[in-house]
Every structure is written in C-alpha cells, then in structure tokens.
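So you can see what is in the structure, the chains are spelled out below.
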Amino acid sequence: MNVYDATRMADLLGREGYAETANEEDADLVILNTCHIREKAAEKIYSELGKLALTKRERDAQGREMKIVVAGCVAQAEGEEVLKRQRAVDLVVGPQSYHRLPDLLRQAKDGRRLTDTEFAVEDKFHALPDPSRAQIRARGVSAFVTVQEGCDKFCSFCVVPYTRGAEVSRPVADIVAETRRLIDAGVREITLIGQNVNAYRGADDKGREWGLARLLSHLADMDGVERLRYTTSHPVDMAQDLIDAHESIGKLMPYVHLPVQSGSDRILKAMNRRHTGADYLDIITRLRKARPDVAMSSDFIVGFPGETDADFEETMALVRKVGFASSFSFKYSPRPGTPGAERDDQIDEEAKRERLAALQALLEEQRQAFNAATVGREIDVLFEKPGRHEGQIAGKSPYMQAVHVEGDPEMIGSVARVAIVAAGSNSLAGRLLGEEAKA
Ligand code: 5AD
Ligand code: SF4
C-alpha cells in the first residue's frame with residue numbers, strides 16, 4: 001500500500017510542478033514514505049533522515065532549498081516526535097492526509113514546520129488528481145488499486161489499526177472508474193489492495209453493499225482487464241463466495257496471500273487472530289477444491305510472547321501440511337501501544353533467531369519445490385518489461401513467479417503461452433509457444 005500511496009503522492013505533486021528524480025541530491029523535496037510495522041523499519045527512518053539532513057545542509061550552503069517530508073505510518077504514530085528528533089524535517093504527514101501535501105508544503109516555509117496526522121473528514125481519494133495516461137504507462141502493465149483501508153481486527157502484535165485507522169471501503173463506482181482509467185492507458189493486471197482486503201464492504205450506486213467476490217466479478221467483466229489479484233486477506237473474512245470466485249472467475253489468478261502468523265492455537269488466541277490452525281487448513285482445502293492449482297502464500301511471526309518450542313513446532317507442522325509457494329516471515333517485534341508489547345513473557349533474541357532460521361529454511365525449500373514443479377508445464381505469462389539480457393522479455397506466471405523468455409518487446413502488455421524449461425533460484429526460464437492466450 002505504501003507503493004500505491006507513493007504513486008498517488010507523485011501524481012499529486014506532478015501537478016505542482018515537481019518531477020521524480022532518482023538522485024536525492026537533485027531533489028527540492030524528499031518524501032520518506034515510512035512503515036511502522038516492525039521496529040527495524042521504523043528505526044531505519046532516523047538513520048536515513050540523518051543522511052538527508054547532511055544533504056540538506058550542503059544544498060542550503062549552495063542556496064538551493066530542500067524540503068524533507070516524513071509520510072506514512074511512522075509519521076502517523078510518532079507525529080511531532082519526528083520533528084523533535086530530527087530538526088531537518090519540515091513536514092510530517094500521515095497516510096490519511098497526504099492529499100493535503102500541496103497546501104501543507106506551501107505553509108511549511110520560512111522555518112515553519114508542520115504535522116498533519118488527522119484522519120481526514122473529506123475523502124482523500126476524491127481530493128487526489130487522476131494520473132495522466134503517460135504517468136500510468138510509465139508504471140507498467142500491472143497496477144494496484146486501493147479498495148479498502150484500515151483494520152478493525154486488533155491482532156495483539158500489530159500497529160496497523162492505530163496507524164491506518166478503522167476499516168473503510170471505497171465505493172464501487174470509484175474503484176470501477178480508477179480501473180477503467182488504468183486499463184484505458186494500457187494496464188492489464190489489477191491488484192486490489194487493502195490492509196484487510198477481503199473485509200471489503202463497498203457501496204454501489206444504489207447504496208447496496210458489495211463484498212470482494214462481487215467486486216471481482218464485476219471488474220472481471222470489464223474489457224481489457226486480463227488479470228485480477230487481491231491482497232492482503234484475513235482468514236476470518238475468507239467468505240465462501242470469495243473462495244467460489246476462484247472457480248468461477250477465470251481472470252482471478254490462482255494465488256492467494258493469506259497470513260496465518262502461527263500454527264499454534266494457543267498463540268493464535270494470544271495474538272487475537274480469532275481462528276485456529278484447523279480453520280486455516282479448512283480454508284485452504286476449500287480453496288483447492290475451487291481451484292486445484294491455487295498457490296498459497298503467507299506471513300509468519302516467530303517468537304510472539306509466550307511462544308514455546310512446542311508452539312513453534314506446530315507452526316512448522318502447519319507449514320509442512322500446506323506447502324507454500326512463497327511467504328514472508330519475521331521475528332516478533334514489540335510495538336508501542338499494542339497488547340503484545342506489554343507482556344512480561346517476551347522471547348529472547350537467540351530463540352527468535354533460531355526459530356526464524358528453521359522456519360525460513362523450510363519455507364525456502366517449499367518455494368524451490370513449487371518452482372521446480374512448474375518445469376515442464378505450459379502456463380500463461382503476462383509480459384511486463386524487457387528482460388535482463390538483450391532479446392529477453394520478462395513477466396509473471398499466474399502464481400506470481402518471475403518468468404523470462406526470448407521474445408519481442410512488442411509483446412509487453414500481452415499474455416502468452418509459455419513452456420517452462422528451467423527453474424532458477426528467483427525466476428523461471430521459458431519458451432514462447434507462439435499462440436496468444438486469452439484468460
Ligand atoms: N512483529 C513482527 N511482525 C509483524 N507483523 C505485523 N506486526 C508485527 C510485529 N509486531 C507482520 C505480520 C503481518 C505482516 C504485514 O507483518 O506477519 O502479516
Ligand atoms: Fe494487523 Fe493484519 Fe491483524 Fe489487522 S488483521 S491487526 S493489519 S495483522
């Protein structure tokens with residue numbers, strides 16, 4: 001979602017005369033779009049700001065102004081603290097108020113420093129300008145569309161409900177209009193995003209509520225949409241109609257990112273996840289019934305307070321039962337203001353490190369096995385960009401694997417049938433089968 005927000009900020013500031021640069025020394029304005037989910041991510045901001053402060057001073061000496069903005073969830077969580085900790089910061093703006101950036105930047109001058117972390121009353125999305133065709137094209141053939149923001153789940157380790165606020169769904173018509181614009185400019189794959197995307201409950205024009213399955217089915221009927229995905233889901237909101245959508249909607253890709261966090265019911269309960277390991281396995285069984293080739297992906301946390309070796313073994317056992325195509329795994333990081341951080345049975349660093357290493361070794365083995373199993377198969381690939389070598393083009397399989405083939409760059413933006421001939425550690429090599437495949 002930070003990627004999506006950053007593109008919206010860039011579009012907004014493009015209207016104010018700003019253009020993107022890859023080089024921060026050239027920048028009149030630097031925005032750090034930050035993440036507060038784990039301590040390491042949050043702390044990185046301050047070392048980055050330290051470096052930027054030096055650059056800013058050098059530019060000042062040359063009589064060239066540089067403004068520094070901290071946006072995103074660290075901004076939301078720490079607010080004015082950011083200004084106190086780093087004098088070089090001009091503006092702190094939360095994820096629900098970045099549409100006010102032009103105005104805030106005008107106010108933040110002559111040494112005036114500002115913080116805006118309001119959960120805005122006006123609709124952020126309506127206040128943002130539509131990107132031009134050129135801006136959309138420059139970002140490629142696969143695009144995100146935010147359909148839902150915020151979270152009401154309050155998992156006991158997580159800051160998201162505090163930084164992103166309560167669950168809010170965008171109206172159906174707005175999502176359709178944004179999708180239309182993307183497709184008309186050449187986008188072929190839409191990934192619907194939200195902190196809790198499958199809790200989507202958006203209103204249609206008649207004020208009726210649509211769930212995610214209905215929204216996906218509607219978008220699948222739009223000409224030009226080749227592929228649909230959604231992320232990130234919560235097991236509790238994995239409704240049967242959404243599972244069924246994986247059978248009935250051909251354009252919906254067979255890849256589901258469904259974080260489980262732990263395989264131990266005791267820990268799941270302590271995490272306030274509101275489901276058991278068995279519930280999770282049951283969802284996967286139903287998903288595989290609807291779409292036998294569905295690839296599963298998950299997030300895991302090791303070393304949540306109170307986690308024993310036996311609890312951790314249950315996580316390992318669950319992983320062995322599922323067989324994940326890919327995943328993200330983390331050491332528990334106590335976050336200020338969350339119930340988990342208050343507990344006095346924190347796990348020591350050494351145990352966390354060992355558990356994470358064991359889990360990641362198993363998950364990596366499964367990822368490699370999944371990739372190896374695609375060798376010899378014929379699959380559809382959406383080509384996204386030129387490959388690393390001359391004469392190559394690169395794209396994605398339905399299962400989110402990177403695939404490269406020898407091919408004409410003209411094919412970028414189209415889906416074609418590919419025979420997978422080899423699996424490398426991070427991508428698959430394939431051979432074009434010539435015929436254009438339609439979803
Ligand atoms: N410590 C470690 N990992 C966390 N996540 C969320 N909060 C924490 C935390 N305090 C992980 C979860 C979530 C992913 C986005 O980040 O696995 O699904
Ligand atoms: Fe955080 Fe996801 Fe739990 Fe919401 S559902 S509190 S975003 S981990």
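Residues numbered from 1 in each chain as written. Chains lettered and ligands numbered in written order. Predicted model: local features only at pLDDT ≥ 70, side-chain atom pairs only at ≥ 80, totals over all residues. Heavy atoms only, no water.

(A) Local environment of the pattern of salt bridges. Tallied over the entire structure, the rule returns 31 salt bridges. Glu178 is paired through a salt bridge with Arg8; the nearest N and O atoms lie 3.3 Å apart. Separated by 170 residues along the polypeptide, Glu178 in helix α9 (residues 172–184) and Arg8 in helix α1 (residues 2–14) bring together distant segments of the chain. Neither residue differs from the other here; Glu178 and Arg8 are each classed as buried. Close ionic contact of Arg106 with Glu16 constitutes a salt bridge, the shortest N to O distance being 2.9 Å. On the criterion of sequence distance, the pair formed by Arg106 in helix α5 (residues 101–107) and Glu16 in the loop between α1 and β1 (29–34) is long-range, its members being 90 residues apart. Accessibility expressed as a relative area gives 37% for Glu16, which makes it partly exposed. Members of the salt-bridge network, linked through shared partners, are Asp5, Lys124, Glu149 and Arg164. (Salt bridge = Lys/Arg side-chain N within 4 Å of Asp/Glu carboxyl O. Helix = DSSP H or I, 4+ residues; strand = E, 2+ residues; numbered from the N terminus. Buried < 20%, exposed > 50% of the residue type's maximum accessible area, 1.4 Å probe, protein only.)

(B) Examining the packing of aromatic side chains more closely. Under the criterion given, the structure shown has 4 aromatic pairs. Aromatic pair Phe154 and Tyr162: ring centres 5.5 Å apart, planes at 75 degrees, arrangement edge-to-face. A relative accessible area of 37% means that Phe154 is categorised as partly exposed. Note on Phe304 and Tyr332: the rings are 5.3 Å apart at their centroids and 70 degrees apart in plane angle, and the pair reads as edge-to-face. With Phe304 in the loop between β13 (295–302) and α14 (309–322) and Tyr332 in the loop between β14 (326–331) and α15 (339–342), the pair connects residues that are 28 residues apart, well separated along the chain. Judged on exposure class, the residue Phe304 and its partner Tyr332 are both buried. Over the ring of Tyr46 we find Arg85; its NZ or CZ atom is 3.6 Å from the centre of that ring. (Phe/Tyr/Trp six-rings, centres within 6.5 Å; stacked < 30°, edge-to-face > 60°. Lys NZ or Arg CZ within 6 Å of the ring centre and 35° of its normal.)

(C) Layout of the site of ligand 2. Neighbouring ligand 2 are the residues Cys151, Lys153, Phe154, Cys155, Phe157, Cys158, Val160, Pro161, Asn196, His234 and Arg273. Residues that form the shell around ligand 2 fall into these classes: 7 nonpolar, 2 polar and 2 charged. (Near = heavy atom within 4 Å. Nonpolar A, V, L, I, M, F, W, Y, C, P; charged D, E, K, R; others polar.)

(D) How the structure looks around α1. With 13 residues, α1 extends 18 Å from end C-alpha to end C-alpha; this agrees with the ideal 18 Å at 1.5 Å per step. Listed in full, the buried residues belonging to α1 are Tyr4, Asp5, Thr7, Arg8, Met9, Ala10, Asp11, Leu12 and Leu13. (Expected span 1.5 Å × (residues − 1).)

(E) Structural detail: the nonpolar core. By size, the foremost hydrophobic cluster in this structure holds 54 residues, and its most contacted members are Leu192, Tyr230 and Met296. Broken down by element, this core gets its largest block of residues, 6 residues, from helix α10 (residues 212–220). Setting aside its immediate chain neighbours within four residues, Tyr230 contacts Thr191, Leu192, Val197, Leu212, Leu216, Met238, Leu242, His246, Leu252 and Val256. By size, the runner-up hydrophobic cluster in this structure holds 19 residues, among which are Tyr46, Ala53, Val74 and Val82. (Core = buried A, V, L, I, M, F, W, Y, C linked by side-chain atoms within 4.5 Å. Contact = heavy atoms within 4.5 Å.)

(F) Local environment of the sheet that holds strand β3 (residues 91–93). Spatially, the 4 strands line up as an open sheet ordered β1-β2-β3-β4, and their pairing is parallel. Taken across any chain shown, the strands that pair with only one partner, and hence form the sheet edges, are β1 and β4 (114–116). Strand-to-strand twist in this sheet, taken as the mean axis angle between neighbours without regard to direction, amounts to 15 degrees. Note that strand β2 (residues 67–71) and β3 share 3 bridges and pair parallel. The residue bridging Val70 from the neighbouring strand is Val92, located in β3. Docked against the sheet, helix α2 (residues 39–61) engages β1 and β2, running at close to 180 degrees with respect to β1. (Pairing = 2+ DSSP bridges. Axes fitted to C-alpha atoms, helices over the stretch in contact; angles between N-to-C directions.)

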